[in-house]
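Secondary and tertiary structure notes
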Amino acid sequence: MMNAASRDGYGAALLDLSGNDKIVVLEADLGKSTKSCLFRAEQPQRAFSMGIAEQNMMLVAAGLASTGMIPFASTFAIFTERGFEQVRNGIARPGLVAHICGSHGGIHTGTDGSSAQSIEDLAIYRTLPNMTVMHPCDAVSTRALTKALASHNSPSYTRTVRNKTRQIYTDDEASTLEIGKFSVLTEGTDVAILACGVMVQEALDAADTLAGEGIRATVVDVHTLKPFDHDEMKRISEECGAVVTAEDHSIIGGLGGAVAESLTSHHPVPLERVGVEDTYGMSGQPTELMKHYGLTASHIVDAAKIAIKRRND
Amino acid sequence: MSDDSPEFNQKSVDELIDIARGCRREIVKMVKRANAGHPGGSLSVIDLIVGLYGRTMRASPSEPKHPGRDRLILSKGHASPAMYAALHAFGFLEESDLHSYRMYNGICQGHVDSKWTPGVDFSGGSLGMGLSFGLGIAISGRLSGRDHHSWVILGDGECQEGEIWEAAMAAVHHRLENVTVIIDVNGIQNDDFVDQQMEMGDLSSKWAAFGWKVRDMNGHDMTEISEAIDWAKATVGPCAILARTTKGKGVSFMENNPSFHGKAPNDEEFELAMQELAS
């Protein structure tokens, strides 16, 4: 079922939270795109347009947070990066609880082309002490996790995507998700596939294909890249002995990087990373681009077999 | 509007002049002990900070996090010795705290830092960010029914940062009246005179063109400073006050000297400075 994009879940969550008078929404002329416009329509006096000026928006969020307000500042993922140093020095360093949402993350953004397709956001925000970094896989889980941020005690960055994706969770299932905890979708013992965002649906399809060949895969939705669930990572890598990561993001520093760091420290096993191979995107339909850049279920299947072979060799 | 904000000081002009002179000595001593820091911009800005704490800031050392407090946001956060000296003069810090400036694990960090120092609300060190922070606090005040004021101190060189002008637009667009910017126009930045690095032109006209109420003053004259503060409080803001200052003010060899933007005096220079700053 392709019913919504994760940005719709973000907008729905802000609407759910609109009765909380501590919540303040900041926009940078992309409220209709990020879906914070839904909150604005409901609570115009607590939604502020900052114009096309992301640096200022980040520090306005910091000032609000310093008084106990709960700001949600959103724009395209790529444009949050315009204010990266503001996030670093103005929000994360003083530990001010401001929440940033970057929509239109990844190659999946499509026809806008490479300037709009952030493939490095998860990597850079993950390096900041105090930051929580999330990239949920569907609208339902995005809604649940965004709502959870209202009582979260760290600043955060959440990536959403522009285009509709398959619904992975029911509302009841999503309500059990916890920030910082892996969500195991299927359990197997041959290989573990850890995915985030749009690649979770591809990982589930890959697991189906592998099952047809007698290979049983664990599939994990890593909706939170930081704090990283090292305990669960260790358990799964011990059980499966071979790991694949799948993300619509550079293979450098994102989910693949986080998993590599964790495995290296806790339980080294063969790891194959499916992601954008250190290059920029281009215009095209999401499905065309995902195929071009190697971000499909079939690429995950191939990677899984390589990881298993490396383990067995 | 809530009326539970802390009381403010009402020091006389003569008292403010005395306090500022003492702060100047502490600034030079801090930089000398650390053998590093920014004496020039601290000496140019100190009268402004003392004026704010002595005349208007509703902020209490006994409750530095009071939600109704006014905020003094030192956006030019490298002038931290001036902030620490004033926080000491007004009871937020002990004299011994000043000895921790730039020292290992010291509460007086190299640049002002809200996580380390009581009375410091804004973590600076990266220029261009303080006004935006002050706007966030002003928005919060509007939403929560508090009338606290954001007093934001900028440098003139700092006004080269684009974010300053993003914030200048946003303040007027959102009619944030409880925000005042005071610009320490000392004419010198890190490498050289401002006019050599990036000419700022007519700063008064620039702020006025962005919709701010603008006033010029001598940033070392406590009477003018007091009057400008009263003007900003009585005016429907946002207000910008251009404080014409002298970098290194009070120490002859530092005055208007770019080399003392970020350098400590040697032993001989330190003795001379202490003599010049003796009451």
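The present account deals with the structure reproduced in this document. (Residues numbered from 1 in each chain as written. Chains lettered and ligands numbered in written order. Predicted model: local features only at pLDDT ≥ 70, side-chain atom pairs only at ≥ 80, totals over all residues. Heavy atoms only, no water.)

1. Section: the sheet that holds strand β3 (residues 70-76) of chain A
All names here are of chain A. Under the convention used in this document: Note on pairing: two strands pair once DSSP finds at least 2 bridges between them. The helix and strand labels rest on DSSP assignments: H or I over at least four residues marks a helix, E over at least two residues marks a strand, and numbering proceeds from the N terminus. A fitted line through C-alpha atoms represents every axis, and for helices the fit uses only the stretch in contact; the resulting angles, taken between N-to-C directions, go from 0 to 180 degrees.
Spatial ordering of the open sheet is given by β2-β1-β3-β4-β6-β5-β10, a layout of seven strands whose pairing is mixed. The open sheet has two free edges, formed respectively by β2 (47-49) and β10 (224-226), since each of these has just one partner strand. Between one strand and the next, the sheet's axes are offset by a mean angle of 20°, whatever the strand orientation.

2. Things to note about the side chain of Glu247 of chain A
All names here are of chain A. The line we're drawing: In this scheme, a residue with accessible area under 20% of its type's maximum is buried, one over 50% is exposed, and one in between is partly exposed, where area comes from a 1.4 Å probe on protein chains only. By the counting scheme adopted, Arg and Lys are positive, Glu and Asp are negative, and His together with the chain ends is not counted. Within this document, salt bridges are pairs made up of a side-chain nitrogen of Lys or Arg and a carboxyl oxygen of Asp or Glu, the two lying within 4 Å of each other. Definition of a polar contact: a pair of N or O atoms within 3.5 Å, with one able to donate and the other able to accept a hydrogen when the atoms are protein atoms, and with sequence-neighbouring residues admitted only if both atoms are side-chain atoms. Any pair of residues with heavy atoms lying within 4.5 Å of one another is described as a contacting pair.
Within the secondary structure, Glu247 is located in strand β11 (residues 243-250). Buried charged residue Glu247 carries no salt bridge. Nearest counter-charge: Arg273, at 6.9 Å. Among the polar contacts listed, one links the side chain of Glu247 to the backbone nitrogen of Leu255, at a separation of 2.6 Å. Sequence-distant contacts of Glu247, defined by excluding residues within four places in its chain, comprise Cys196, Met199, Gly254, Leu255, Gly256, Val274, Gly275, Val276 and Leu295.

3. Details of the packing of helix α1 (residues 13-34) of chain B against helix α2 (residues 39-55) of chain B
All names here are of chain B. What counts, and what does not: Helix crossings fall into two classes, left-handed where the near helix is turned counterclockwise from the far one by less than a right angle and right-handed where it is turned clockwise. Residue classes follow a fixed rule: Ala, Val, Leu, Ile, Met, Phe, Trp, Tyr, Cys and Pro count as nonpolar, while Asp, Glu, Lys and Arg count as charged, and any other residue, Gly among them, counts as polar.
Closest axis-to-axis distance for the α1/α2 pair is 9 Å, and the angle between their directions is 145°. Along this stretch, α1 crosses α2, giving a crossing that reads as right-handed. When α1 is examined against α2, the residues Leu16, Ile19, Ala20, Cys23, Arg24, Ile27, Val28 and Val31 are found in contact with a partner set consisting of Pro39, Ser42, Leu43, Ile46, Asp47, Val50, Gly54 and Arg55. Residue composition of the contact of α1 with α2, by class: 11 nonpolar, two polar and three charged.

4. Details of the packing of α1 of chain B against helix α10 (residues 267-276) of chain B
All names here are of chain B. Defined as follows: Any angle that is under 35 degrees is reported as roughly parallel, and any over 145 degrees as roughly antiparallel; angles of 65 to 115 degrees are reported as roughly perpendicular and all others as oblique.
Closest axis-to-axis distance for the α1/α10 pair is 10 Å, and the angle between their directions is 170°. The angle between α1 and α10 falls in the class roughly antiparallel. With respect to the hand of their crossing, α1 and α10 are arranged in left-handed fashion. Residue-level inspection shows Arg25, Val28, Lys29 and Lys32 of α1 in contact with α10, the latter providing Asp267, Phe270, Ala273 and Met274. Taken together, the residues that form the contact of α1 with α10 break down as four nonpolar, no polar and four charged.

5. Some remarks on helix α3 (residues 80-89) of chain B
Residues and elements named next belong to chain B. Of all 10 residues making up α3, eight are buried, and the element is well covered by its neighbours. Turning to α3, its buried residues number three or more, namely Ser80, Pro81, Ala82, Met83, Tyr84, Ala85, Ala86 and Leu87. Immediately beyond the C-terminal end of α3, within one or two residues, lies Gly91, with a positive phi of roughly 90°.

6. Re the side chain of Ser150 of chain B
With respect to the helices and strands, Ser150 of chain B occurs in strand β2 (residues 150-155). In this structure, Ser150 of chain B is in contact with Arg71, Ile73, Gly134, Ile137, Ala138, Asn178, Val179 and Thr180 of chain B, ignoring residues within four places of it in sequence.

7. Considerations on the pattern of salt bridges
A complete count under the given rule lists 25 salt bridges over all chains for this structure. A salt bridge links Arg58 of chain B to Asp70 of chain B, with the nearest nitrogen and oxygen atoms 2.8 Å apart. In this pair, Arg58 of chain B sits in the loop between α2 and β1 (71-74) while Asp70 of chain B sits in the loop between α2 and β1, placing the two residues 12 residues apart along the sequence. Its relative accessible area of 16% is what places Arg58 of chain B among the buried residues. A single network of salt bridges, built from pairs that share partners, joins Glu187, Glu232, Arg235 and Glu239 of chain A.

8. Looking at α1 of chain B
Threshold: Helix span, as expected, comes to 1.5 Å for every residue beyond the first.
Over its 22 residues, α1 of chain B runs 31 Å from end to end, which matches the ideal 32 Å to within 8%, given 1.5 Å per residue. Positive phi appears at Asn35 of chain B, one or two residues downstream of α1 of chain B, with a value of about 55°.

9. Some details on the interface of chain B and chain A
One frequently used descriptor of interface size is the decrease in accessible area upon assembly of the parts. The condition that has to hold: Note on terms: buried area is the combined drop in 1.4 Å-probe accessible area of two parts once they are placed together, counting the loss on both.
Each partner contributes to the interface: chain B provides 25 residues, whereas chain A provides 26 residues. Together, the buried faces of chain B and chain A total about 2000 Å²; carbon and sulfur atoms form 63% of this surface. Linking chain B to chain A there are one salt bridge. A salt bridge links Arg93 of chain A to Asp113 of chain B, with the nearest nitrogen and oxygen atoms 3.6 Å apart. In this structure, the connection of chain B to chain A is made through eight residue pairs in polar contact (both at pLDDT 80 or more). Among the secondary structure elements, those contributing two or more residues to the side of chain B that touches chain A are α5 (130-144) and α6 (162-173) of chain B. Across the side of chain B that touches chain A, the residue classes tally to nine nonpolar, 10 polar and six charged.

10. Notes on the packing of aromatic side chains
For the record, the criterion: Two rings from Phe, Tyr or Trp (for Trp, the six-membered ring) form a pair when their centres are within 6.5 Å of each other. A pair whose planes differ by under 30 degrees is stacked, one over 60 is edge-to-face, and the rest are tilted.
Tallied over the entire structure, the rule returns 12 aromatic pairs over all chains. Centre to centre, the rings of Phe76 of chain A and Phe79 of chain A are 5.6 Å apart; their planes meet at 10°, and the pair counts as stacked. Phe79 of chain A sits in the partly exposed class, given a relative accessible area of 30%. Ring geometry for Tyr125 of chain A and Tyr157 of chain A: centres 4.2 Å apart, planes at 20°, overall stacked. Here Tyr125 of chain A is found in helix α7 (residues 121-126), whereas its partner Tyr157 of chain A is found in strand β6 (residues 156-159), with 32 residues between them in sequence. Exposure remark for Tyr125 of chain A: the relative accessible area of 0% places this residue in the buried category. Using a relative accessible area of 0% as the deciding quantity, one classes Tyr157 of chain A as buried. Chaining the aromatic ring pairs together yields one cluster made of Trp165, Trp207, Phe210 and Trp212 of chain B.

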